[in-house]
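# Summary of structural features
Here is how the chains run, residue by residue.
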Amino acid sequence: MTAGAFDDHHPPAAELIKDCVHCGFCLPSCPTYLLWGEEMDSPRGRIQLMKAGLEGEPLSESMVGHFDACLGCMACVPACPSGVQYGTLIADTRAQVERRYERSLSQRLLRGAIFWLFPYPRRLRALRGPLALYQRSGLSRWLRRTKLLDRLPATLQVMESLIPTLTRRQQLPQWVPAQRQRRAVVGMLTGCVQDALFPDVNAATARVLAAEGCAVVIPRGQGCCGALSQHSGREDEAITFARALIDCFDAAGVDYIVVNAAGCGSAMKEYAHLLRDDSHYAPRARAFVERTRDISELLAELGPIAPRHPLNITIAYHDACHLAHAQQIRSQPRQLLHAIPGLTLTEIPEAHLCCGSAGIYNLLHPKPATELGDRKARNLLTTGASVLVTGNPGCSMQIAASARRLGHPLTVTHLASVLDASIRGVPLCDPSSAPTTPAHQNR
Amino acid sequence: MTYRGAKLAVLAAELSAVVGPDGVIADRQRLRTYECDGLAQYRVVPGLVVLPESAEQVVAVVRACAALGVAFVARGSGTGLSGGALPHAEGVLIVTSRMRRILEVDPANERAIVEPGVINLDVTKAAEPYGWYFAPDPSSQQVCSVGGNVAENSGGAHCLKYGFTTHHVLGVEVVTPEGELVWLGGTTRDVAGYDLLGAFIGSEGTLGIATKIVVRLMRTPESVRCLLAAFPGVDEAGAAVSAIIADGVTPAAIEMMDALAIEAAEAAVACGYPEGAGAVLIVELDGPAAEVEHTFAAVRQHCTAAGAFEIRVARDADERARFWKGRKSAFAAVGRISPDYIVQDGVIPRTVLPDVLRRITELSAGTGVRVANVFHAGDGNLHPLVLFDEAKPGEAQAAEQLSGAILDLCISYGGSITGEHGVGIDKACHMPRMFTTDDLDVMQRLRRAFDPAGICNPGKVFPTPRLCGEVPGKRKGVHPLQAAGLAEQF
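Residues numbered from 1 in each chain as written. Chains lettered and ligands numbered in written order. Predicted model: local features only at pLDDT ≥ 70, side-chain atom pairs only at ≥ 80, totals over all residues. Heavy atoms only, no water.

Another aspect to go through is the side chain of His-158 of chain B. Residue and element names in this part refer to chain B. Within the secondary structure, His-158 sits in the loop between helix H5 (146–152) and helix H6 (159–162). There is a polar contact of 2.4 Å between the side chain of His-158 and the side chain of Asp-137. Ignoring any residue separated from it by four or fewer positions in sequence, one finds His-158 in contact with Asp-137, Gly-163, Ala-252, Ala-253, Glu-284 and Trp-324. (Helix = DSSP H or I, 4+ residues; strand = E, 2+ residues; numbered from the N terminus. Polar contact = N/O pair within 3.5 Å; in protein donor to acceptor, adjacent residues only side chain to side chain. Contact = heavy atoms within 4.5 Å.)

Given below as structure tokens:
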């Protein structure tokens, strides 16, 4: 297969494309179709383009543009009555695009910079100092006041708007013992963005797991799970990250690997597919996937043992796409929130719709991402909730930024932080109430 | 560049000025994403796609086409099942997916005004807070457009009690094929003069393009009750339907699915219908609570008497939605049990239902082509799903033949070749089986009164010399029948 958009190394599979009967049920679920109302920016249209590519159409700039415009939110997957595996199709297509299509110099530089920085926890952590200085020195306010910020490139403006207020980061111990009876030994992924920008979420996750009877292993030097690379078609890079993470957690000897970021969890559950050609890692990847759980999934599976204290707040829960659509985890977080006395849970209109964060989508496609973020924030504001809970750091930053832009700053937090507050009986989102170190001893 | 190609290039430039450059699609790859609607076996790459955002833009686009004599086809969400929105290879596809504003919801006057690209279910969502809804509910209601509903006179499960789209549209603003902007009907229940609105609704895009639609809203019923009854086979289920209707009960809907359709739905959405059922009925009653309670008991009794071995009553809205989920996803779900399939749409008098089903079973057994049956049993609207695998030689043809034979069966029992999907391109060749030449001539004259130049969705509804099953597209040279002097093209 030399002509056409794709080469022989895992092109989007004709058999999977054939599953699409062109019924159009995916259209209203697709964020880009909602924005632009165009067939080629819908799942059905993109599948049609893949088919055209297999039939000999070249990988043109416009074709690549429509694949790139897909947020990868997977909302079309549960919407499809014919069971089309769009996730696999777009992943295979993206890998082909990355390998076979040369982007413009500016795009290559931008992507290069993003992938130099984000998948490396140490590099991200190194940015904490300068960022904190930027936030506290008044430079941020000055840039805004003088409108100088508006002159920066769109991607930098978006990045600037996304950065949350940094809280103190404590080094997590490598071993947190279970409180009460020990029900499982779990390895915890600390992530890249989560670790650098939301260290309090990781600390809360470890405390909640311990309180619920899990001994928590937090391997030092764990790297990136490769989610951003995998979701952007950088196959080789994703494979390298995946192998290293499998090695890391296999060595830890844990029952489960727990993730508190939806994008990471969904990528890790794809390891078996990603490493399907690697005879050494393929079986290990399958075992790894078996043991991987989102924090909400594991807590719901184990059932609560730690008593909850009341939290008298109204919360809106936002389904992260990579939790709800990619991992079908919708009921577990709600169930855990419902179980907190005094807490009122509200649903957000158009809940299925992506907030526009979508990994690095908001950096690569700032305009549609911002439109989606603002749409999500407006929908959210109709609920009257004062706190937003979600299971993905990207969503947290995106929705918080949109709410700020609309003039309604919100408290955005993670499920783990809410559970932690309820278990410890402290008010939510009060950093001063966090213990200086999580309960721990060295193994 | 051909003469027609040059015309399209001129049009593309002209229309960019009207709708903006991102509203015109001329690139081959992008055009290919519009090559078919919900009936994917017919594919034609359009000459040009235009995405207008207002009635004024549609007027300008149609006028530009009319001035150059270029054919145009209107398309909404592209979910039609008769190829009604199949593009024209040398024409313009006018897509209404960016005209999706709900302009007014006026519960006091029981109406809403919407643009044609608005999704059917979104009308109900907008009216719901006031206690109203839009009654036509095609199975694709979460994605199909109101403009498309008007073109196809769409029905749905609940049209047994509430009627088709034509009963729920008070008026439409239409761009005629000559580019005039006119109103047919109005904003009130009845207007003086000829019922041109009646002619327009269901005209399958051949009389113009709707740009605003005044839809009638209905009060959300006080009470809705729904049951799922499982029968050993379709005969028993059919008998139950007849008994219910004979008793004077008008349910909001009676839907039937046979064993193969149930298997597909289970595979797709795990709807959890009773195991071992040869047929299931979904019966829904709505209206004032007291009336619904009374008739619901009668319906249960009729089902039991006819041989239902299990009856489930929906306890709440969630369970009711689960009953419907299997039914509403059935067409697309068949993709799970067969690589390819034809969704057929025919109508028969309700009383002959068991006979016709038996004949379909015989036809299926005789040819080895599997048929799954889903239908609006209450009004005799059949949707046989004819299964085949295109990859296996001869299967597609056999399926096509069986599918045609089912329509002949419908006609022979005094029915019709379409209940709600329309004639489009798919059934144009069946029209002469149902209508005489005189009938078709009269229809053509009506059409020509609106579209004298014959540029508005040409090639649809009426038979052309094209042979049945021949895939349309760019014609190369003169059609053989035309060359032989046996047919003429119009």
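Let's shift gears to the pattern of salt bridges. A complete count under the given rule lists 53 salt bridges over all chains for this structure. Measuring nitrogen to oxygen at the nearest pair gives 2.8 Å for the salt bridge that ties Lys-161 of chain B to Asp-286 of chain B. With a gap of 125 residues between them, Lys-161 of chain B in helix H6 and Asp-286 of chain B in strand S14 (residues 279–287) connect regions that are remote in the sequence. For Asp-286 of chain B, a relative accessible area of 5% translates into the label buried. Here the salt bridges do not stand alone but share partners, grouping Lys-51, Glu-55 and Glu-57 of chain A together with Arg-28, Arg-32, Glu-35 and Arg-43 of chain B into one network. (Salt bridge = Lys/Arg side-chain N within 4 Å of Asp/Glu carboxyl O. Buried < 20%, exposed > 50% of the residue type's maximum accessible area, 1.4 Å probe, protein only.)

Attention now moves to the sheet that holds strand S2 (residues 48–50) of chain B. All names here are of chain B. Pairing in this open sheet of four strands is mixed, and the strands run S1-S2-S4-S3 from one edge to the other. Looking at strand neighbours, the two that pair on one side only are strand S1 (24–25) and strand S3 (72–75), the edges of this open sheet. By the bridge criterion, two bridges tie S1 to S2 in an arrangement that is antiparallel. Bridge pairing in S2 places Ile-25 opposite Val-49. Those strands touched by helix H1 (residues 3–19) are S1, S2 and strand S4 (92–95), and its axis lies near 15° from that of S2. Across the sheet, helix H3 (residues 55–68) touches S2, S3 and S4, and the angle it forms with S4 is around 170°. (Pairing = 2+ DSSP bridges. Axes fitted to C-alpha atoms, helices over the stretch in contact; angles between N-to-C directions.)

Residue and element names in this part refer to chain A. Looking at chain A, the domain boundaries give domain 1 (14–100), domain 2 (116–162), domain 3 (175–301) and domain 4 (307–432). Summarising the inter-unit geometry, the C-alpha centres of domain 2 and domain 3 are found 29 Å apart. Contacts between domain 2 and domain 3 engage eight residues on the former and 11 residues on the latter. For the pair domain 2 and domain 3, the summed buried surface comes to about 820 Å²; carbon and sulfur atoms form 70% of the total. Looking at the side of domain 2 facing domain 3, the largest losses of area belong to Pro-119, Pro-121 and Arg-128, adding up to 51% of the total buried there. If you look at where domain 2 meets domain 3, you find one salt bridge. Linking Asp-195 and Arg-125 is a salt bridge whose minimum nitrogen-to-oxygen distance equals 2.5 Å. (Domains from an automatic or database assignment. Buried area = accessible area lost by both parts, 1.4 Å probe.)

Next up on the list: the domain arrangement of chain B. Its domain assignment divides chain B into domain 1 (3–95), domain 2 (102–219), domain 3 (222–336) and domain 4 (338–449). Domain 1 of chain B and domain 3 of chain B are separated by 42 Å when their C-alpha centres are compared.

By size, the foremost hydrophobic cluster in this structure holds 69 residues, and its most contacted members are Met-257 and Leu-385 of chain B. No other element matches the six residues that helix H9 (residues 259–269) of chain B contributes to this core. If near-sequence neighbours (up to four positions away) are discounted, Met-257 of chain B is found in contact with Ile-262, Ala-265, Tyr-273, Gly-278, Ala-279, Val-280, Gly-326, Arg-327, Ala-330, Asn-373 and Val-374 of chain B. Leu-209, Val-216, Ala-421 and Leu-428 of chain A belong to the second-largest nonpolar core, a separate cluster that totals 53 residues. (Core = buried A, V, L, I, M, F, W, Y, C linked by side-chain atoms within 4.5 Å.)

As a further point, take the sheet that holds strand S6 (residues 314–318) of chain A. All names here are of chain A. In spatial order, the strands read S7-S6-S8-S9; together these four strands make up an open sheet with parallel pairing. Taken across any chain shown, the strands that pair with only one partner, and hence form the sheet edges, are strand S7 (344–346) and strand S9 (411–414). Strand-to-strand twist across the sheet, computed as the mean angle between neighbouring axes with direction ignored, equals 35°. Judged from the four bridges that link them, S6 and strand S8 (residues 387–390) form a sheet pairing that is parallel. Residue Ala-316 lies in a different strand from S8, and its bridge partner there is Leu-388.

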